[in-house]
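Coordinate analysis (summary)
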Amino acid sequence: MTSSSNILRSCLVTVILIASVVGMSAQTPPKRRVTPVETPATVTQSINEARNDTARIMQARIARSTHFHDEQGRTVYVDTVTGEQWMDSTALLPVVRMKYPLWDAASVSVDIWDPLMRAFGQDYGLIGFGAEVSLHNRYKPVFELGLGMADHKPSGNNYTYKSPMSLFMRIGMNYNFLYNSSPDYQFYGGLRYGFSSFRYSIANITVDVPYWDEAAKFGIPSQTSTVGWMEFVLGLRVKLWGPISAGWAFKYHSILHESKTAYGKPWYIPGYGSRSASVTGSFSVTYTFSLSKLNKGGAGEVISSDEQSSAAPSQESEESVE
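Residues numbered from 1 in each chain as written. Predicted model: local features only at pLDDT ≥ 70, side-chain atom pairs only at ≥ 80, totals over all residues. Heavy atoms only, no water.

**Some thoughts on a nonpolar patch on the surface**
Spelled out, the test is: Patch definition: residues with relative accessible area over 30% and no salt bridge; like charges joined within 9 Å; nonpolar side chains (Val, Leu, Ile, Met, Phe, Trp, Tyr) joined within 5 Å. Method for areas: the Shrake-Rupley scheme with a 1.4 Å probe, in which residue coverage is limited to the protein chains shown. Salt bridge, as applied in this entry: a Lys or Arg side-chain nitrogen positioned within 4 Å of an Asp or Glu carboxyl oxygen. Secondary structure elements are defined from DSSP: runs of H or I of at least 4 residues count as helices, runs of E of at least 2 residues count as strands, and each element is numbered from the N terminus. Exposed residues in this analysis have more than 50% of their type's maximum accessible area, buried residues have under 20%, and partly exposed residues fall in between, with area computed by a 1.4 Å probe over protein chains only.
A cluster of nonpolar side chains, namely Phe177, Leu178, Tyr185, Phe187, Leu234 and Leu236, defines an oily patch on the protein surface of about 570 Å² accessible area. Listing elements by their share of the nonpolar patch, those giving two or more residues are strand 8 (185–209) and strand 9 (214–241). Tracing the chain through its elements places Phe187 in strand 8. Taking relative accessible area as the criterion, Phe187 reaches 35% and is therefore assigned partly exposed.

**Quick word on the pairing of strand 5 (residues 127–135)**
So the rule is basically this: Whether two strands pair comes down to DSSP finding at least two bridges between them.
Sheet topology places strand 4 (residues 103–111) next to strand 5; eight bridges connect them, and they run antiparallel. Counted as the bridge partner of Ala106 is Val133 from strand 5. The pairing of strand 5 with strand 6 (residues 139–152) spans seven bridges and is antiparallel. Bridged to Gly130 within strand 6 is Glu144. Two successive antiparallel strands, strand 5 and strand 6, enclose a turn made up of three residues, where His136 displays a positive phi of approximately 60°.

**So, the pairing of strand 6**
Along strand 6, the buried face is formed by Lys140, Val142, Glu144, Gly146, Gly148, Ala150 and His152; none of Tyr139, Pro141, Phe143, Leu145, Leu147, Met149 and Asp151, which line the opposite face, is buried. In this structure, strand 6 lies alongside strand 7 (residues 160–176), joined through 13 bridges in antiparallel fashion. Across the sheet, Val142 pairs through a bridge with Gly172, a residue of strand 7.

**Concerning the packing of aromatic side chains**
Note the threshold: Only centres within 6.5 Å qualify two rings of Phe, Tyr or Trp (six-membered ring in Trp) as a pair; their planes then separate them into stacked at under 30 degrees, edge-to-face at over 60, and tilted for everything else.
Considering all chains together, one arrives at twelve aromatic pairs under this definition. Arranged with centres 5.5 Å apart and planes meeting at 50°, the rings of Tyr124 and Tyr268 form a pair that is tilted. A residue pair is termed long-range when its members are at least 10 positions apart, and Tyr124 in the loop between helix 4 (113–119) and strand 5 and Tyr268 in strand 11 (residues 268–269) qualify at 144 residues. Residue classification places Tyr124 among the partly exposed residues on the basis of a relative accessible area of 21%. Taken together, a centroid distance of 5.6 Å and an interplanar angle of 80° make the contact between Trp229 and Tyr272 edge-to-face. Of the two residues, Trp229 sits in strand 9 while Tyr272 sits in the loop between strand 11 and strand 12 (273–274), which places them 43 residues apart along the sequence. The residues Trp229 and Tyr272 share a single accessibility class, namely buried. Each residue in the set Tyr124, Tyr161, Phe198, Tyr200, Trp267 and Tyr268 is aromatic and connected to the rest through ring pairs, giving one cluster.

**Considerations on the environment of Tyr188**
Applied cut-off: Should any heavy atoms of two residues lie within 4.5 Å, those residues are counted as being in contact.
Topologically, Tyr188 is positioned in strand 8. Considered as a pair, Tyr188 and Leu178 are ten residues apart in the sequence and their alpha carbons are 7.8 Å apart. If near-sequence neighbours (up to four positions away) are discounted, Tyr188 is found in contact with Asn174, Tyr175, Asn176, Phe177, Val233, Leu234, Gly235, Leu236, Arg237, Trp248 and Ala249.

Put into structure tokens, the structure is as follows:
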């Protein structure tokens, strides 16, 4: 009897539990299913977000481009869709390492072109001197000082042009194209401004007077003139022995300004030469001495490897990227 009641009680509890579970599941609401709706705004959202993203735009452009390197080592991209060539303006070019220190050397020179020409009969010009400072064996400020004079009697003409000894100066800069090569050999271009204030006169002007059957002579009194000119230089310098070197330079010059005089313009200008000749030359002998003691880091520490790597990507990293 007892066992039958226990079985009945167990069945009743089971029925109650099943009913409770069924009732709870019936009260839970069904989950809603949302179907996404695409509108013009949602379609263009990603495009608008990336419109001002320079990095993403550049990556996409590079991805559809091929590239080559120009003569200056820069990477030029070619868009395979449009054929347009372009360069990444955000890419840094490698910094050219200076092989020589800032204060590299100084030199003094004497221009013996005019003395040589006077030995061969030229009747104007005298001598010139120069001083130069070499910065990285690349940039070279120049100061030149000299003396000039003239006692010129043109063949077939009836006058003598005279200009007493006068001072001239030139100041400018040379650029050594071989700056990372040996300083024993230099090929350079330069720019100068020249200036001179001088006096000149014309004597023994002879005029034939047929009526009196004789010649009349007169002269133009001394005039003072001030002339300034610009000068372009292209030169070559080669070491001879020790600190001594020699070199040629070819010069193209043009008068910028000059003062007015009562009897016309001067024929000869100290430091410039004949005003009718726009091209001239020089031949200089130079003595050079080192300035390396002025550099704190010494001659071999112009740009450290850390400074160069922080300033621009190294060559090895560029090659690995390519």
